[in-house]
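# Structural characterization, general
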Amino acid sequence: MATKFSKSQNFQGKLTLVFFPKIKHLPFFIFILITSLLPSFILISLRRSPISYPTHSLNNPNPHSPITLFAVHSVSPFRRHDLLRHSSVYSFDELKRKYRSSRQKDRMAKYYDIDDIIMEEETVSVIFQKAASGVGIDPSSEMDFIETGSKVELPFWLAHELQLRQAVSVNVPSCFDQKTRLEIQADSAGVDLRSRCPFFYDFGCKIAPIVGDRTIGFLLLSAFKSRYKEILTKAHSVAFAAGSKFWTILTKEEINLYETAQSAMASFKKWRMGGPRFQIAAVLGRKRKSTE
Amino acid sequence: MYGRTACQLVKEFASGDKGQLVSFNSDLFQQVVAECSQHHLELQSLIRKIQEEGLDIQTARNADHYGALIHHLALVRNKRCLMAYVFNRAEIIRNLLWKIGHVLPQEIEEKLCHTEEEHFKKHSTALKSYMSKVMVDLTVDMVPPKDPYIKVRVLDDIGDGILLSDDKTANFACHSMHLLKRTDAEQFISRGQMEELTG
């Protein structure tokens, strides 16, 4: 029994020596590979969107991500036209319908999403194009009547739905103003995005098609690219405990990324220490925490 | 502002750590429900007003229409917040069953409202009946043990006369040490009443 065991180990050793110096380094290689390729995967998968949903999607609300916006813009005008005219598989209307239903599904998928609900509570300032009676959402007026042309701060969920029905026009929110843009251009990693908007990217993606400002996509992408690098390096460095100031400027999405990177590192380390002996202790820790 | 109370409710849920429960805020919940009925009344009165003016509800686009629309949207939003609150709590409660076992500790049970306790009990009976049908205990650790027996120390006075799977009873006095079957010990460890001794 014992000889059999060592034999198989030897075999394994030889096999892996060809590819990796030690078998225990294998997951580390995979880990490095995945983290280094992740941004490019995202780019590749999202770059495909303009082909499945041509540029008229920009007129419809919400192409979801800064990167989609970027991808749509990066297609040259001629090519855009081309895509629209020669989308031979689906007619224009069919595509539109497909796109709408996929949006609907996406929205329903987030129906119970706590973060999505909180994000939609962000206020935007709107100008009413139509009058509305019997509502008390304008604090400046004493009557419960909103006149055409009055400027009101509304939460995003309300502003969005009213904008779809052409009842209001939405202004660009203050977190995407010129000042923020300049700051992001200067030093994106050091900008305090959380105080401006805790869901900077998600909110940006949702607001961009509504206000019709196509530069927001670029802004989000460039901000995310440079900040992502920073988060990844900081999450893996030893100094993250001391980086408490660093915490306070991250948006909610970035914190999620940061935590994911850390937990990946933690589980990798746990795997290397190995042994099912540790398994129970970890389970115990987690369970204990939840009972507290 | 419309929908603010509902969002407060959701934010309160989100403020806890992931997978942790805060006590069910029935006060705020009732406030949101009351707000919903208020919206409903105002919506109805606006619709009646449109009808009294002799306009078609389907096509009228006057101030009353947009007022009614805003009330409708606020209603839908409040509903979404309430649904998300209940749904996400229910998910955590179902997870507790897998993590802690069929009996909830006192401090967690206090945080549930009556219907949530009911939900937990029903989920627990459903799982039990399923497990007895397939004759597998699904709640045990997924990783196969090297040794079926583990050494444990009792942290809490559990009491004596507890029946183990091999038809023996054991006296788990506080700080005593035992060699138990892993499947027997697991539920006590998960509740924090025992700890595993390693090395």
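Fair warning: this is a prediction, and the values are worked out from it, not measured in the lab. Numbers given to residues run from 1 along each chain, matching the order in which its sequence is written. Following the order in which they are written, the chains are lettered starting with A and the ligands numbered starting with 1. Under the rules for a predicted model, residues below a pLDDT of 70 receive no local features and side-chain atom pairs below 80 are neither given nor counted, while totals for whole chains, interfaces and linings still include all residues. To obtain the side-chain values, all non-hydrogen atoms of the structure were used and water was disregarded.

## Quick look at the overall build of chain B
Within chain B, the secondary structure is distributed over six helices and five strands. When the helices and strands of chain B are placed in sequence order, the string is α-α-α-α-α-β-β-β-β-α-β. When burial is assessed residue by residue, chain B has 40% of its 199 residues classed as buried. Within chain B, contacts between residues at least 6 apart in sequence are counted, and of these 61% link residues at least 24 apart. All accessible-area figures derive from a Shrake-Rupley calculation using a 1.4 Å probe, and residue coverage is judged against the displayed protein chains alone. Taken as a whole, chain B presents about 11300 Å² of accessible surface, with 54% of it coming from carbon and sulfur. By definition, any uninterrupted DSSP run of H or I lasting at least four residues is a helix, any uninterrupted run of E lasting at least two residues is a strand, and each is numbered from the N terminus. To sort residues, take the accessible area from a 1.4 Å probe on protein chains only and compare it with the maximum for the residue type: under 20% means buried, over 50% means exposed, and anything in between is partly exposed. Contacts between residues were defined by any pair of non-hydrogen atoms, one from each residue, lying within 4.5 Å.

## Description of the side chain of B:Asp64
For B:Asp64, the location among the structural elements is in helix α3 (residues 63–100). Think of a polar contact as two N or O atoms within 3.5 Å of one another; within protein, one of them needs to be a possible hydrogen donor and the other a possible acceptor, and neighboring residues in sequence only count if both atoms come from side chains. At 3.3 Å, the side chain of B:Asp64 and the side chain of B:Lys49 are in polar contact. The contacts of B:Asp64, once residues within four sequence positions are left out, are A:Ser133, B:Leu46, B:Lys49, B:Ile50 and B:Glu53.

## Describing the interface of chain B and chain A
Listed per partner, the contact involves 52 residues of chain B and 43 residues of chain A. Counting each side, the surface lost to burial between chain B and chain A is near 4100 Å², with a carbon and sulfur contribution of 66%. A pair is scored as a salt bridge if a Lys or Arg side-chain nitrogen falls within 4 Å of a carboxyl oxygen belonging to Asp or Glu. Summed over the shared surface of chain B and chain A, the number is five salt bridges. The partner of A:Glu121 in a salt bridge is B:Arg4, with the nearest N and O atoms 3.7 Å apart. Taken together, the connections running from chain B to chain A amount to ten residue pairs in polar contact (both at pLDDT 80 or more). With 19 residues, the top contributor of residues to the side of chain B that touches chain A is α3(B). Accessible area that two parts lose when put together, evaluated with a 1.4 Å probe and summed over both, is termed the buried area.

## As for the confidence of the model for chain B
On average, residues of chain B score 85 in pLDDT, and 96% of them reach the 70 mark or higher. The ipTM value of the predicted complex is 0.80, and its pTM value is 0.70. One confidence number per residue, pLDDT, is output by the predictor and ranges from 0 to 100.

## Considerations on the packing of helix α2 (residues 26–52) of chain B against α3(B)
Residues and elements named next belong to chain B. For helices, the fitted axis covers only the stretch in contact; all axes are lines through C-alpha atoms, and the angles between them, taken along N-to-C directions, range from 0 to 180 degrees. One can describe the packing of α2 onto α3 by two numbers: an axis separation of 9 Å at closest approach and a directional angle of 155°. As far as their axial angle goes, α3 and α2 are roughly antiparallel. Here α2 and α3 pass one another in a crossing that is left-handed. Only Asp-64, His-65, Gly-67, Ala-68, His-71, His-72, Ala-74, Leu-75, Asn-78, Leu-82, Tyr-85 and Val-86 of α3 make contact with α2, whose side of the interface consists of Phe-29, Val-32, Val-33, Glu-35, Cys-36, His-39, His-40, Glu-42, Leu-43, Leu-46, Lys-49 and Ile-50. Tallied by class, residues from the contact of α2 with α3 come to 13 nonpolar, seven polar and four charged. Throughout, the term roughly parallel applies to angles under 35 degrees, roughly antiparallel to angles over 145, roughly perpendicular to angles from 65 to 115, and oblique to all others. Helix crossings fall into two classes, left-handed where the near helix is turned counterclockwise from the far one by less than a right angle and right-handed where it is turned clockwise. Each residue gets one of three labels, nonpolar for Ala, Val, Leu, Ile, Met, Phe, Trp, Tyr, Cys and Pro, charged for Asp, Glu, Lys and Arg, and polar for the others, Gly among them.

## Focus on the side chain of B:Asn88
You can see B:Asn88 is positioned in helix α3. A distance of 2.8 Å separates the side chain of B:Asn88 from the backbone oxygen of B:Ala84, its partner in a polar contact. Every residue in contact with B:Asn88, bar those within four places of it in the chain, is listed here: A:Tyr112, A:Ile114 and B:Phe13.

## Thoughts on the sheet that holds strand β4 (residues 177–181) of chain B
Residues and elements named next belong to chain B. Note on pairing: two strands pair once DSSP finds at least 2 bridges between them. The three strands lie next to each other as β4-β1-β5, forming an open sheet whose pairing is antiparallel. Edge positions in the sheet fall to β4 and β5 (194–196), since each has one partner strand and no second. The sheet shows a mean angle of 40° between the axes of neighbouring strands, taken without regard to direction.

## Things to note about the packing of aromatic side chains
Two aromatic rings from Phe, Tyr or Trp, using only the six-membered ring of Trp, form a pair when their centres are within 6.5 Å; if the ring planes differ by under 30 degrees the pair is stacked, by over 60 it is edge-to-face, and anything between is tilted. Counted under the stated rule, the structure contains twelve aromatic pairs over all chains. Grouped by ring-pair contacts, the aromatic residues A:Phe156, A:Phe176, A:Phe200, A:Tyr201, A:Phe203, A:Phe224 and A:Tyr228 constitute a single cluster.

## Thoughts on the pairing of strand β1 (residues 149–154) of chain B
Residue and element names in this part refer to chain B. Only one face of β1 is buried, namely the one carrying Ile-150, Val-152 and Val-154, since none of Tyr-149, Lys-151 and Arg-153 on the opposite face is buried. Here β1 runs beside β4; their pairing, made up of five bridges, is antiparallel. Among the inter-strand pairings, Arg-153 is bridged to a residue of β4, identified as Met-177. Note that β1 and β5 share three bridges and pair antiparallel. Pairing of Arg-153 across the sheet is with Glu-195, part of β5.

## Structural notes on the nonpolar core
Core analysis: the largest hydrophobic core is formed by 71 residues, its most contacted members being A:Phe128 and A:Leu162. The element that contributes the greatest number of residues to this core is α3(B), accounting for 14 residues. Those residues in contact with A:Leu162 that lie beyond four places of it in its chain are A:Phe128, A:Leu154, A:Ala167, A:Val168, B:Leu69, B:Ile70 and B:Leu73. Throughout, nonpolar core names a set of buried Ala, Val, Leu, Ile, Met, Phe, Trp, Tyr and Cys residues whose side chains join them through atoms within 4.5 Å. By size, the runner-up hydrophobic cluster in this structure holds eleven residues, among which are B:Ile150, B:Val154, B:Phe172 and B:Met194.

## What to know about the pattern of salt bridges
Tallied over the entire structure, the rule returns 14 salt bridges over all chains. For A:Glu120, the salt bridge identified is with B:Arg77, shortest N-O distance 3.7 Å. One end of the pair, A:Glu120, is in the loop between α7 (114–119) and β1 (123–128); the other, B:Arg77, is in helix α3, on a second chain. Of the residues examined, A:Glu120 reaches a relative accessible area of 10% and is grouped as buried. The salt bridge partner of A:Lys179 is A:Glu183, with a shortest N-O separation of 3.8 Å. One end of the pair is A:Lys179 and the other is A:Glu183, both in helix α9 (residues 178–187) and four residues apart, which spans about a single turn. Put simply, A:Asp116, A:Glu120, A:Glu121, A:Lys206, B:Arg4, B:Arg77 and B:Arg80 are held in one network by salt bridges that share partners.

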